[in-house]
Amino acid sequence: MAPPSPAPATPAPRRSALPGLALGLLGITLAIALAAAGTAAWLLRSEAGAAWLIARLPDSLRVIEPRGALLPAFAASRIEIDLPAPEGGTPGRIMIEGVRWRGLQFAPASGVRWLRIELDELRAERVEVVPAAGGPPGGAPTDLTLPIELEIRSLQARQLFVAPLGAEPLRDLVARLHLGAEFGALHRVDGLQLGWRHVEARGAARIASHAPFLVNGDLTLEGTPGREAAGPAGATWQASSRLSGPLAELGARLELAVTGAPGRPRASLDASASLRPFAAWPLGDLQAQTRALDLASIDPTWPTTSLDGRALVRSEAMDRPAQVELEIGNTRAGRWSDRALPLRQLRIDLRARPDDPTSLDVQAFEALLGSERFPAGMLRGEGRWRSDGWALKATLDAIDPSRLDARAAAMRLAGPIEIEGSGLDAATLRATARGELAGRFVAGGGQRDARLRFSLRADPATIELSEARAESGAARATAALKLLRPGADPRWRASGRAELAEFDPLPWWPGPADPRWRRGPHRLNATTTFDLALPAAARGAAPR
């Protein structure tokens, strides 16, 4: 009997290759991570690594004379950034000199932010900003969220030049900056301080990163005492402004207070406006009010006033006329000779197109002259301004010059005055003026008729008073005068004629309180003609 065949051998179990593969992949990953960490450490924490990174920056970003590693402290002689040009516009640039930072750190972030960057301090000696210009206006943003969070705990710039502000820099700028704060929902600037010329500013601002991009900003300005911003009479001023609301429809408010010299009242100005920065015309209605403004508290050579005013500006579009209404009252009106302003009320109604600064229409103006106790009549009229000329038509109603200035005549005058011309400076001015006034002298209890008429023409080479006539009863004074500067000759020649008939100048110009002059009466009869070249001293004072 054959022996039983042996049972087949059971194969040994096969070991899985997965653990080894996993360990290999883990090792490779760790090696890559360690290599990446080592590379990052070399790039960020060594001067050679920083130089390698800087050499590979795009051409629009240049770092001049770098010093040190990026972490934790770095410095450079200059950093230059080119700003792209908008379509059809010109590029801008940012240049930062003497830049240095310390305390740079990187950390992972959450939410929409994948990286957090922190800086303890970022300083610069000089920053120059030239914004890109031209091109179509930008539209409203759709999102202001950032993929990173940036916090600079101390941001400082000794000088900041911004092209629109001219050659005078902002100085000693200090601030704290946090972009992507509150999990990316907010951008903010806190502790802002800076100076410009002789003004010191403090403020803060924040804007939400999601629509409607709510804005909240405050800025306080103050004229530095003892400097140019303080008035020569010892006046100082403080202003506070606020922006609030959605970015597309901002509300702006300004409050200004002027503290005069000792004994002068405190004056204030309040203004508010709506701003639409992305609209074709960004300015909405603007309102302003002033209370108790004393011009003499700002400059002692100006008259004493107490001005209460209101201004309203309504505008809808760049190519549509804006309406300006202005009302001013002066509760301390008085004579000019008493260092006061002989204006107690002024109303002006203007129309002007924002896109055409050479066009202005004064629909109406009305000025009540003198003071409440001694009213001096009314002046009302209208005017216009165009690039090719300007004109003013005014009517005097019961104007009393003696209540405007104690040295002037005591009389009541009424009648029209018209002035028109083109240009404003001496090289381009061409103008004509004419008027015909009638009234009565009021002095010594008696009244006498008074009439005035004049016609004047002026251009850069000629000033001609073709007619000047003053009459009262049978007394009269007439004159004609012509000042001429022929060709390139710098000398002025004066020619003309004058006639006096039974003329007493005392009622027309009482002058200073000199008893000999005011004793009168005077009677002058004379006729003269003249043609002469003005001497050097007179030429220096003559119109040019």
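Residues numbered from 1 in each chain as written. Predicted model: local features only at pLDDT ≥ 70, side-chain atom pairs only at ≥ 80, totals over all residues. Heavy atoms only, no water.

J.: With reference to specific residues and values, describe the overall build of the protein chain.
T.: When helices and strands are counted, the protein chain shows six helices and 30 strands. For the protein chain, with 544 residues in total, the buried portion stands at 33%. Excluding contacts between residues fewer than 6 apart, the proportion of contacts in the protein chain whose partners are at least 24 apart in sequence is 44%. Approximately 31,900 Å² of the protein chain is accessible, and the part contributed by carbon and sulfur atoms is 60%. (Helix = DSSP H or I, 4+ residues; strand = E, 2+ residues; numbered from the N terminus. Buried < 20%, exposed > 50% of the residue type's maximum accessible area, 1.4 Å probe, protein only. Contact = heavy atoms within 4.5 Å. Areas by Shrake-Rupley, 256 points an atom, 1.4 Å probe, with all protein chains shown as cover.)

J.: An account of the environment of Pro300 is requested, with residue identities and associated values reported.
T.: For Pro300, the position within the fold is in the loop between helix H4 (295-298) and strand E18 (307-314). Separated by 39 residues in sequence, Pro300 and Arg339 place their C-alpha atoms 9.8 Å apart.

J.: Run through the environment of Leu165, naming residues and quoting values.
T.: By secondary structure assignment, the location of Leu165 is in the loop between strand E9 (148-162) and strand E10 (170-180). Judged by relative accessible area, Leu165 falls into the partly exposed class, the value being 35%. For the pair Leu165 and Trp196, spaced 31 residues apart in sequence, the C-alpha separation works out to 9.6 Å. Apart from the residues lying within four places of it in its own chain, the contact partners of Leu165 are Leu170 and Trp196.

J.: Mind laying out the pattern of salt bridges, listing which residues take part and the relevant values?
T.: Throughout the structure, instances matching the rule amount to 39 salt bridges. Close ionic contact of Arg188 with Asp190 constitutes a salt bridge, the shortest N to O distance being 2.8 Å. According to the relative accessible area criterion, Arg188 is partly exposed, its value standing at 22%. Assessed through its relative accessible area of 15%, Asp190 is described here as buried. Between Arg380 and Asp397 there is a salt bridge whose closest N-O contact spans 3.6 Å. Of the two residues, Arg380 sits in strand E22 (residues 375-386) while Asp397 sits in strand E23 (residues 389-399), which places them 17 residues apart along the sequence. Given the relative accessible area of 33%, Asp397 is considered partly exposed. Within the structure, one salt-bridge network assembled from shared partners comprises Arg116, Glu118, Asp120, Glu149, Glu151 and Arg153. (Salt bridge = Lys/Arg side-chain N within 4 Å of Asp/Glu carboxyl O.)

J.: An account of unusual backbone geometry is needed here, citing residue identities and associated values.
T.: Look at the link from Leu71 to Pro72: it is a cis peptide, with omega at -5 degrees. Turning to its location among the elements, Pro72 is positioned in the loop between strand E1 (61-67) and strand E2 (73-83). Between Ala211 and Pro212 the backbone carries a cis peptide bond, its omega angle lying at 10 degrees. Among the secondary structure elements, Pro212 is positioned in the loop between strand E12 (199-208) and strand E13 (214-223). Although it is not a glycine, Phe183 adopts a positive phi angle of roughly 60 degrees. Along the chain, Phe183 turns up in helix H3 (residues 181-184).

J.: With reference to specific residues and values, describe the pairing of E13.
T.: Pairing analysis gives nine bridges linking E12 to E13, with the strands arranged antiparallel. Within E13, the residue paired with Arg206 across the bridge is Asn216. Counting the residues in the hairpin turn of E12 and E13 gives five residues, including Phe213, whose phi is positive at 60 degrees. Relative to strand E14 (residues 236-246), E13 runs antiparallel, the two being bridged by nine bridges. What sits directly across from Leu219, in E14, is Ser241. (Pairing = 2+ DSSP bridges.)

J.: With reference to specific residues and values, describe the side chain of Glu118.
T.: The residue Glu118 is located in strand E6 (residues 115-119) in this model. A residue is classified by how much of its surface remains accessible, and Glu118, at 14% relative accessible area, is buried. There is a polar contact of 2.6 Å between the side chain of Glu118 and the side chain of Arg116. (Polar contact = N/O pair within 3.5 Å; in protein donor to acceptor, adjacent residues only side chain to side chain.)

J.: Report on the environment of Gly284, specifying residues and quantitative values.
T.: Within the secondary structure, Gly284 is located in strand E17 (residues 283-293). Sequence separation of Gly284 and Ser274 is ten residues, and the distance between their C-alpha atoms is 4.8 Å.

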